[in-house]
Structure formats: structure tokens, C-alpha cells
Amino acid sequence: MARLLLFGGKGGVGKTTTSTSTAVGLAQSGLKVLLVSSDPAHSTSDSLGVELGSSPTEVSEVPGLWGLELDPEARISDHIPKLTESLGPMLGGEDPNLNASEMVLPGLDEAMAFDELLKHLENPDWDVIVFDTAPTGHTLRFLALPEIIEKWADKIIRMHRLTGGIRAMMFGAKEGEKMRDELEKFRRRVLHVRRILCNPNVTRFTLVTIPEKMGVNETIRAYKSLKEFDLPVTGCVINRMTPDLDHEFISTRRKNERKNVEELKKALTDLQFHEVELKDSDIHGIDSLTNMSLELHGNPVIGDGLGPFEIGIGLDVHRGTWTDGDDVLLHLPGIVRDDLSLRSESGTVYVGINSREHPVKFSRPAKASQVNAKLEDEVLRLTFPSE
């Protein structure tokens, strides 16, 4: 399982630049990195200078780096029909207790994004997944989604009883209880994603902000809200710090910024902070992103084995897979034996993780019956037969 690095904060504070530069630096250090964005503005494509799509796209200038821009709305249309288009005519707009706008499920687009992210996260072929999240409020809506779904399901059933015609609107189900079952399955899936996001052995969350009063206040609120869900928030990057120049206006601004930064550090004492000065030009393109990565993380030393490897600002990373002679090691934090399966086809061994199968790369063909599998200390060791 890949290490998941989340970067979040209010809009316009440099989340995309911070996350993209981190991904570039980690790939340049020798890791296989997937950079994921759910930003509908396609800022990640602009930052890299590469057109990204809804499937991993290789960044040719940076060996080991792939990019992906999620389209949550497309996934919603694939999974859940839009109720609001049908509710009005069915209810006649006369029932005060059933408003069509209430049926829009807050956090659903984020749920689709995180569910798609999970598919890649459980793929041991990736070492690190860097996620440039939407503004923090969207992440919080997703975290609260399981409880919202419970309330939403009750409304669906009430409408089912009142109208009868709503039976086929959700997931192709024909009975109220079946609809509730489908929603419960989805709720359990969201809970699974939430457990992974809250597992410090998998996930780290870095807040990104700017040294202005509103940015600081928003960051403190975001930190408190994320901690309520036990998300492992470990660092904070403060972008656009005014450089130290001999000018009265600049000096005054720096003084105000220092006051705001000290307030932030005093409120969030358990985080590691990194301050980034305002640059004289925009940061985009591989060269400027590489320089930004060096400023944030230095030159991370990625040695042999699965890791962990420290990369600064409260972060460490693991490899997803490591081959040592006849052994293939897979880093699988949070996975239990019942989540795993093993089979082979045409000499290729496949490991199943939560019902998703992934081919295990090895230099020689083998049958699953010939491979010894042992899960211990969050590492699955697959021992292949000797030559």
C-alpha cells in the first residue's frame, strides 16, 4: 500500500504548488509517485505543464512520476442518479417536510474522489500518492458523510412510502429495504476510506496557508476539525512570506506577518512548520517545482528496503514494494489476512487486496501454490521458488 500524503487548506494558498513540488522531488529521489488532484480547474496540469486526465498519465520529464485529475461528478453520474431532477414533479412541491434540495448529499463528490483514490492507494505498485485536495471544507464534508448517509437513507425510505415511484431511482433497487441496503453498503465503503485516512501508518496531512490573519484563523479551525476525526495532521507550510528587504512598507508587512505566524505556531504546537518566501515569479514547470521541492524537503535519501524514509516537515514515506532475492515485500498497513488473496495465471502471481487484484512483478514465472506468503508487522512477504 502506498503512503498517502494529503495537502489541504483554504483556496489560493499554494496547495497545488506545494503538493506538486513534493511529488516531483520524491519521484526524482527514486520513488514511484502518483500525483492526484480533484481540482476541477486543472491547476495540477498547469503547474506541471502536462495535460492530465482521469487515468494515470506519465510525466515524461520526471521519471517515476504520474499524474491524475479526478472527475468526481462523472463518477457520481455512474453510481447515483440525480434525485433532484425527479423529486419536484413527483412531490408536486407541496410537502413541507420533503424538500428536493435536501436530497443533495453533502460530501458525495468528495466520497467519489476518495473512493477512486483508494483504488490506487491499495495498489502496491505505487510508493507514494500525493493528493492535492480541494479546500479543507470539502474534506471535512467527506469525513462526516457516513452519519449524513444514515439520515439521507431515512428520507429516501419516507419518499418511497409516499410516492411508490421512487423505487427504481436508486441503484436499480425495487424495494425500500433494498435501497437502504445499497446505501448501507456505500456507507461502509466510506467508513473504510475514513479509517485509512485516519491511519498514521498510511496517511499524513499537511496544512498549507499564508501569513495573513484570515489564513491563520482558517488553518487553526481546519486543524481542530480534522483532529476531531483523528486525521494525522503533522505539518504546516506557510507560503508567500514577505522577503526581508530594506523598505518601510516591506518591514511593516513582515512585522504583521510574523505576528500572525507566531499566533499560528502558538495555537498548533505539535506541528512542524516550514516557511516559504514569496518568489519573484510564479512557480510552474519542472525546474521551478524542483527548486521548491529542495526548499521544502532538501535531498531526501531513499535507501534500500521498504523504509520508512524521512523527508522533512513531519513526513516520512515507504516504498510500496521491494524485491530482495527470492522475496517480494509488500507494505500493507491496516490490512489483515482476511483482506488478502493469492492466485496465478500464465506464470504471473496476483495478490488480491480488498477484492482488487494486482500483479506481483517478479523476474521468473511462478504458480501461486509455489509461493509462500506470510503477513507480519504490516508487511506481506512473498517467497518465490528458487531457480
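What you are looking at is a predicted structure, and each value in this text was computed from that prediction instead of being measured.

So, how was this worked out
- Residues numbered from 1 in each chain as written.
- Predicted model: local features only at pLDDT ≥ 70, side-chain atom pairs only at ≥ 80, totals over all residues.
- Heavy atoms only, no water.
- Helix = DSSP H or I, 4+ residues; strand = E, 2+ residues; numbered from the N terminus.
- Contact = heavy atoms within 4.5 Å.
- Salt bridge = Lys/Arg side-chain N within 4 Å of Asp/Glu carboxyl O.
- Buried < 20%, exposed > 50% of the residue type's maximum accessible area, 1.4 Å probe, protein only.
- Expected span 1.5 Å × (residues − 1).
- Arc of directions from axis to C-beta.
- Pairing = 2+ DSSP bridges.
- Axes fitted to C-alpha atoms, helices over the stretch in contact; angles between N-to-C directions.

With respect to the helices and strands, Thr290 occurs in helix α11 (residues 286-297). If we ignore the near neighbours within four places in the chain, the residues touching Thr290 are Val24 and Gln28.

Let us now look at the pattern of salt bridges. On inspection of all chains with the given rule, the structure shows 20 salt bridges. Close ionic contact of Asp316 with Arg204 constitutes a salt bridge, the shortest N to O distance being 3.6 Å. Linking Asp316 in strand β10 (residues 315-317) with Arg204 in strand β6 (residues 203-209), this pair joins segments that are 112 residues apart in sequence. Under the relative-accessibility criterion, Asp316 is labelled buried at 10%. Among the residues examined, Arg204 registers a relative accessible area of 15% and is labelled buried. Here the residues in one salt-bridge network are Arg258, Glu262, Lys265 and Glu275, joined through shared partners.

An ideal rise of 1.5 Å per residue puts 22 Å on 16 residues; helix α9 (residues 213-228) measures up with 23 Å between its terminal C-alpha atoms. Taken together, the buried positions of α9 are Gly215, Val216, Thr219, Ile220, Ala222, Tyr223 and Leu226. Along α9, the residues classed as buried sweep out an arc of 165 degrees about the axis, all on the same side. When the buried face of α9 is taken as reference, the exposed residues oriented beyond 90 degrees from it are Met214, Lys224 and Glu228. Once α9 finishes, Asp230 follows within two positions and takes phi at roughly 65 degrees, a positive value.

Right, let's get into the sheet that holds strand β5 (residues 128-132). Sheet strands pair via backbone hydrogen bonds, and the direction of the pair is either parallel or antiparallel. Strand order in the open sheet formed by eight strands is β3-β4-β2-β5-β1-β6-β7-β8, with mixed pairing between adjacent strands. Since the sheet does not close on itself, it has two edges, and those belong to β3 (57-58) and β8 (272-277), each with one partner. Pairing of strand β1 (residues 3-8) with β5 involves five bridges; the strand directions are parallel. Counterpart to Phe7 in the pairing with β5 is Asp132. Its contacts with the sheet place helix α10 (residues 248-267) against β6, β7 (233-241) and β8, and it is angled at close to 175 degrees to β7.

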